[in-house]
Each structure stands twice: as C-alpha cells, then as structure tokens.
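Close look at the chain arrangement
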Amino acid sequence: MKIYLLAIGQRMPAWVEQGYKEYASRLSGSVQIELKEIPAAKRVRNSVTEKIKQDEGQRLLAAVPRGAKIIVLDEHGKSQTTKQLAVQLDEWLQMSQDVAILIGGADGLSPECLQISDYKWSLSAFTFPHPLVRIVLVEQVYRAWSLLNNHPYHRE
C-alpha cells in the first residue's frame, strides 16, 4: 500500500525535508509514503483567492494516482486519535488501497477537492504552518504503523 502526500509548495527549508525523511524512512514493509510537491500558484498584487485555489486544486487532483482514496486536510474535517488512524491504516492495508492525502496551499483547498474527497481530516484545532504539517502527518502515519506492528515507538 502506498500513501501519496500531495502538497502545495516546493523548496522547503532543510529542517522540513530532514524531519519528513526521518519518519518516511522508518516506514517499511507494507506501507510506503511518497511526497509529491505541487508548485504554488503565482500570486500578484490583484490575485483572486478563489482562482488561486481552483488552479492549485486542479493540479492536486491531476496528481492523484488512479484508484487512490482521496483524503483532504481541512480545518472543518473530522479529527481522530492515533489509535483511530491505526485502525484506518489497517483497513487500507487489508483492502490494498492506495491513499492520496491532499494538503492545500496558503488559501486552503478548492471546493472541487473538498467535494471529491472520500474523507475530510483535521489534524488539530490549531492552524499549523504548511511545512510543519508534512512532518506531523508523516510522524502520525509512522506512529499508527508502529501500533499495528507492535513496535515500541508508541507508548500508552
């Protein structure tokens, strides 16, 4: 099973790349994670936010692999615990279903992305900087994987 992390934004600081790679490299066996960076729309003085979101949304959806379940990160989405994520991860593994997790740009996701998604997920009631979301997300996937594999990383 493969998890595709599709994120608006490129050229992240070194600490973001290091943090992401640290947790992504810990995943092994049946779960793989792949980051696909989508360039942010160019903003100019009179940019229209809805047009930017639409443009970024189209490029995100074009990057979703065929047949993948689409999950969007959205502040109005459902929050879940690490244990709930582990259960969800196990279901995806049992179904051999690839998953695409979409992270929007500074203005959020387009209505089309939200509408087409299979699931809307909120990482937290807090608002995180987009680069940090990549690290938090991959760490939580690793933590859920460690629960499923009785790895000592997650402590109760």
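Anyway, here's the lowdown on the structure attached to this text.

Rules used in this analysis
Residues numbered from 1 in each chain as written. Predicted model: local features only at pLDDT ≥ 70, side-chain atom pairs only at ≥ 80, totals over all residues. Heavy atoms only, no water. 1 Å grid on protein atoms, 1.4 Å probe; cavity = no way out; pocket = protein on both sides within 12 Å on 5 of 7 lines; lining within 4 Å. Points joined across faces, edges and corners; volume = space filled by probe spheres on them. Helix = DSSP H or I, 4+ residues; strand = E, 2+ residues; numbered from the N terminus. Nonpolar A, V, L, I, M, F, W, Y, C, P; charged D, E, K, R; others polar. Salt bridge = Lys/Arg side-chain N within 4 Å of Asp/Glu carboxyl O. Buried < 20%, exposed > 50% of the residue type's maximum accessible area, 1.4 Å probe, protein only. Contact = heavy atoms within 4.5 Å. Core = buried A, V, L, I, M, F, W, Y, C linked by side-chain atoms within 4.5 Å.

Counted as a void, the largest pocket has a volume near 470 Å³. Looking at the lining of the largest pocket, the elements that each hand over two or more residues are β3 (69-78) and α5 (130-148). A class-by-class count of the residues in the lining of the largest pocket yields nine nonpolar, eight polar and two charged.

With that settled, consider the pattern of salt bridges. Summed over all chains, the structure comprises six salt bridges. One salt bridge connects E50 with K53, and the closest N-O pair in it is separated by 3.5 Å. On the criterion of helical spacing, the pair formed by E50 and K53 is a turn pair, its members being three residues apart in helix α2 (residues 49-63). Assessed through its relative accessible area of 45%, E50 is described here as partly exposed.

For R11, which is not glycine, the phi dihedral falls at a positive 55 degrees. With respect to the secondary-structure elements, R11 resides in the loop between β1 (2-8) and α1 (14-26). Since its relative accessible area comes to 75%, R11 is described here as exposed. Despite not being glycine, S96 has its phi angle at roughly 50 degrees, a positive value. On the secondary structure map, S96 appears in the loop between α3 (82-95) and β4 (99-103). You can call S96 exposed: its relative accessible area is 59%.

You can see A86 is positioned in helix α3. With relative accessibility at 5%, the residue A86 sits in the buried group. Residues A86 and Y142, 56 residues apart in the sequence, show an inter-C-alpha distance of 9.4 Å. Once residues within four sequence positions are removed from consideration, A86 is found in contact with A144, L147 and L148.

Moving on: the nonpolar core. Judged by nonpolar contacts, the single largest core of 30 residues is most densely connected at I3, L89 and I101. Elements with a minimum of two residues in this core: β1, α1, β3, α3, β4 and α5. Looking at which element gives the most residues to this core, the answer is α5, with eight residues. The contact partners of I101, leaving out residues within four places of it in the chain, are I3, Y4, L5, L6, I71, L73, W121 and L137. Counting 15 residues, the second-largest nonpolar core is a separate cluster that includes I8, I38, V72 and A100.

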